[in-house]
Amino acid sequence: MADSIKAQEQQHLDMVVAKIKQAQTAAKKRIGVAESDEAGIRKNFVNDLRLKTDSYEGIMETALSVRQQQQMLAERQNSWQHATTELSTLKRLEKRAYFARIDFQETPTSKPETIYIGLGSFSDTPDHFLIYDWRAPISSIYYDGELGAVSYQTPDGEQTVDVQLKRQFQIEDGQIVTLYDTDQTVTDQMLLSALSEHSDTHMKSIVTTIQKEQNQIIRDTHSDLLFVQGAAGSGKTAAILQRVAYLLYRYRGKLNAGQVILFSPNQLFNDYIDQVLPELGEHNMVQMTYYQYAGRRLPKIDIETLAQRFAETNSPVQKRLNALKGSLAFFNAVTGYADHLEQRDMLFRNIVFQGKVFIPKEKIQDIYYSFNRNYHLGNRLQATKEALVRILNRRISSEMKSKWVEDTIQDLSKEQLDSLYGDHPREFESADKEYQFLARRVVMTSLEPVRKAIVRARFLTINNQYVHMLRQMPERIDLAQYHLTTAEWQAGVDATVAALRDHQMQLLDTTPYLYLYDKMAGKSGDRDMRYVFLDEVQDYNAFQLAFLKSTFPRARFTMLGDLNQAIFTKENSHTLLHELSTMFDPDKTRVVQLTRSYRSTQQVTDFTKHILKNGEAVTSFAREGELPTVTVASDETAAIARVKAELARNDADHETTAIIGKDLADCQDLTTRLRAVGVKATLIQSENQRLAPGVIVVPSFLSKGLEFDAVIVWEASASRYQDDDERQLLYTICSRAMHRLSLVAAGTLSPLLDDVPADEFTVVPAVPVD
Ligand SMILES: Nc1ncnc2c1ncn2[C@@H]1O[C@H](COP(=O)(O)OP(=O)(O)OP(=O)(O)O)[C@@H](O)[C@H]1O
């Protein structure tokens, strides 16, 4: 491109940067003013306060004056917050003001317009935008269209413009490094340079190179369910993070980051992505794994961990039980059972006081079912609690006359007496009045646990109720459809009961258990949550999805998954799509498919896709790299030597490496062996660990969603990956590699690699070990 254009653009950039700097000075000034105003208000708070407490009007006046001061403080804090946010945006813009320019005309006769697009908006006067935020409606034309007529959505409907120029910039520290004009959406050149960067322990934002299909996901505001099926590395995760940023911008003032929740595959992944939104100037959304969510709600139960779940080898019967318990039919059956509890079968527990039955369960049951048919589970429970509290109150008077109360009062120490009197004046009309006062306090204090038990509905018994429900299930669900006999089902229930006795539970049981509990307690869900994102949705079952939908009744759902990577649900993942389609209104459901993989080089993508049989479509973005390597060593010592050599090569080329083993035991063993030959590597044992720089060894089930420059698959042998249902797992592992992929096996190579054509990998012999 002509140097004169670059010079002109640099001049424009210098002008914008100068204005950004002026704006920074102004923002700093406002921060200073707000800070000193706030300090002033705090200092004079006491002086300015008109304390009058001798009359009712005086108290009112004092309260008003406190309120006024608080309001003034809040205003200052608000303006401080505002100026601080603005300053941080301006600082980011100063370095890289924008990344694109678009010239367009709204109609053939209207004035040509030029806009620049960057990470945030910037205007020097209220209506004069020098930079448009990438999320502004008009910015969409940068991502969506080529030159010529391009339409974009505005809050008032669709608008079409004639785009005459698209220019992309790479700017570093206020200097234009390169610029190019293009007629494409985002040039391959720009994408290529973004993708050639080395990975690090944190994901980066993709704002400058968002692809057209990704933009559809990011800007969707219509769907109740947005389902994205995307190949490994197709940018699903990247797209949802930009989507969150987009939604927070689009609904600024109405939506905050606390109303958006992302269920992620593991804690490591949370760590990996947690910089993206702050880099875009937004707060992070609520992020947790489903396991954490369930665990938080069931603090007294040990829920099966990811590692345990992964290590499970399920018998054919167990697989069929799993299919049933994860189905939508089971969800509907639990709903039916809960509805039936409105008429009968709710189980209760005695309320106990001092080791004796205080209110018997039969009495509670009578009360519970005494309300008429219009009462549902929620208000029935509430009304029961109120009735029980009334009983409790009546019992206070009778209990005051008991012998134990008299004994207690006689034995009270001075401290205990002081605490019973509290703020109450110590003068009483008579000794009897004083005794009555103390007796009431004694009874109320000791009955407090009873009151709590009532208020917290401890008279319900979720464990028993859950088991009761499971026992009854054969009446509600056709076991034959799942190829199960009643005996097999009941044996499954026995196993659940045994686990519950030890306060343990399979992840598979936690959701029906929570759902039943919510129904019994009449909970109507978290109505504040507006957007729910589920990453790696193929690892959820239909029950969990239906439960999340009922837990967040007002939320819109974005689900992202790759049916090729179902490492927990395996063959059930394809039925999931079908079950989902029955849960949401088809008019408000949108399915988007992303088939292009951006993560890996063409060679890695081609190799990995041969691992799948009947896999979903995957194409690679044309980025060249080395062929993957395969090494079959005669024994583990030789295999370790090969790993060591490959690590040395990666290190020399500054490629960060993850060695991915099948399970934790393999990874522990490998780490020890590597240490013995002088190689330092961090073993990631649990999902709560942090990602570390340098070589890491990670078990397959924790590598989900992550990516690394180079991946070494440890023990790609027949002893580890043999069955067809392990194809998706091996695929997931291999698809973590961006530039280099090496597979090392001791003994025989996994037969799952048989379909990879011989010219798509290099055979590297194991290094001879002396
Ligand atoms: N438009 C884009 N511009 C630049 N980089 C991109 C783009 N889309 C995706 N990438 C990069 O490709 C890599 C893979 O993206 P991401 O992790 O979002 O894929 P994914 O679909 O979630 O993969 P998986 O299902 O395998 O975990 C990331 O490094 C991401 O930054």
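Residues numbered from 1 in each chain as written. Predicted model: local features only at pLDDT ≥ 70, side-chain atom pairs only at ≥ 80, totals over all residues.

Close contact between helix H18 (residues 462-476) and helix H20 (residues 507-520) brings their axes to 10 Å; oriented N to C, the two are set at 115°. When the axis of H18 is compared with that of H20, the two are roughly perpendicular. As H18 runs across H20, the sense of the crossing is right-handed. Judged by residue contacts, Ile462, Gln465, Tyr466 and Met469 of H18 engage Tyr513, Leu516, Tyr517 and Met520 from H20. Class assignment for the residues of the contact of H18 with H20 results in seven nonpolar, one polar and no charged. (Axes fitted to C-alpha atoms, helices over the stretch in contact; angles between N-to-C directions. Helix = DSSP H or I, 4+ residues; strand = E, 2+ residues; numbered from the N terminus. Parallel < 35°, antiparallel > 145°, perpendicular 65-115°, else oblique. Left-handed = near helix turned anticlockwise from the far one by under 90°. Contact = placed C-beta atoms within 7 Å. Nonpolar A, V, L, I, M, F, W, Y, C, P; charged D, E, K, R; others polar.)

In this fold, Gln24 is placed in helix H1 (residues 3-48). Its 17 C-beta neighbours within 10 Å are what place Gln24 among the partly exposed residues. Spatially, the C-alpha atoms of Gln24 and Tyr482 are 66 Å apart, while their sequence positions differ by 458 residues. The residues touching Gln24, leaving out its near neighbours within four places in the chain, are Leu87 and Leu90. (Buried ≥ 20, exposed ≤ 12 C-beta atoms within 10 Å, placed from the backbone.)

Lining the immediate environment of the ligand, one finds 23 residues, of which Thr209, Ala232, Gly235, Lys236 and Thr237 sit closest. Along the lines of polarity and charge, the residues of the shell around the ligand split into eight nonpolar, ten polar and five charged. (Near = placed C-beta within 6 Å.)

What follows concerns the domain arrangement of the protein chain. Many analyses report the size of an interface as the accessible area lost when the parts associate. As far as domains go, the protein chain holds domain 1 (1-203), domain 2 (212-309 + 529-594), domain 3 (351-456) and domain 4 (602-763). With centres defined by C-alpha atoms, the gap from domain 3 to domain 4 works out at 65 Å. (Domains from an automatic or database assignment.)

The sites that carry the UniProt feature "binding site: ATP" (unreviewed entry) are, in the present numbering, Gly230, Ala231, Ala232, Gly233, Ser234, Gly235, Lys236 and Thr237. With respect to the helices and strands, Gly230 occurs in strand S8 (residues 225-230). You can call Gly230 buried: it has 26 C-beta atoms within 10 Å. Residues contacting Gly230, with those up to four places away along its chain left out, are Lys236, Leu560, Asp562 and Leu594. The topology assignment puts Lys236 in helix H6 (residues 236-250). Residues in contact with Lys236, not counting those within four places in the same chain, are Val228, Gly230, Leu560 and Leu594. (UniProt positions renumbered as here; feature names shortened; annotations may be inferred.)

Phi is positive for Asp345, close to 80°, though the residue is something other than glycine. Tracing the backbone shows Asp345 in the loop between helix H12 (328-340) and strand S12 (351-353). A positive phi angle, close to 60°, is found at His503, a residue other than glycine. With respect to the element layout, His503 can be found in the loop between helix H19 (486-501) and strand S14 (504-505).

Next up on the list: the sheet that holds strand S25 (residues 737-746). Taken in spatial order, the seven strands of this open sheet run S22-S23-S21-S24-S25-S20-S26, and their pairing is parallel. For this open sheet the edge positions go to strand S22 (682-683) and strand S26 (762-763), each flanked by a neighbour on one side alone. Two strands pair when backbone bridges link them, and strand S20 (residues 629-633) and S25 are joined in this way by five bridges, in the parallel orientation. Within S25, the residue paired with Thr629 across the bridge is Ser742. (Pairing = 2+ DSSP bridges.)

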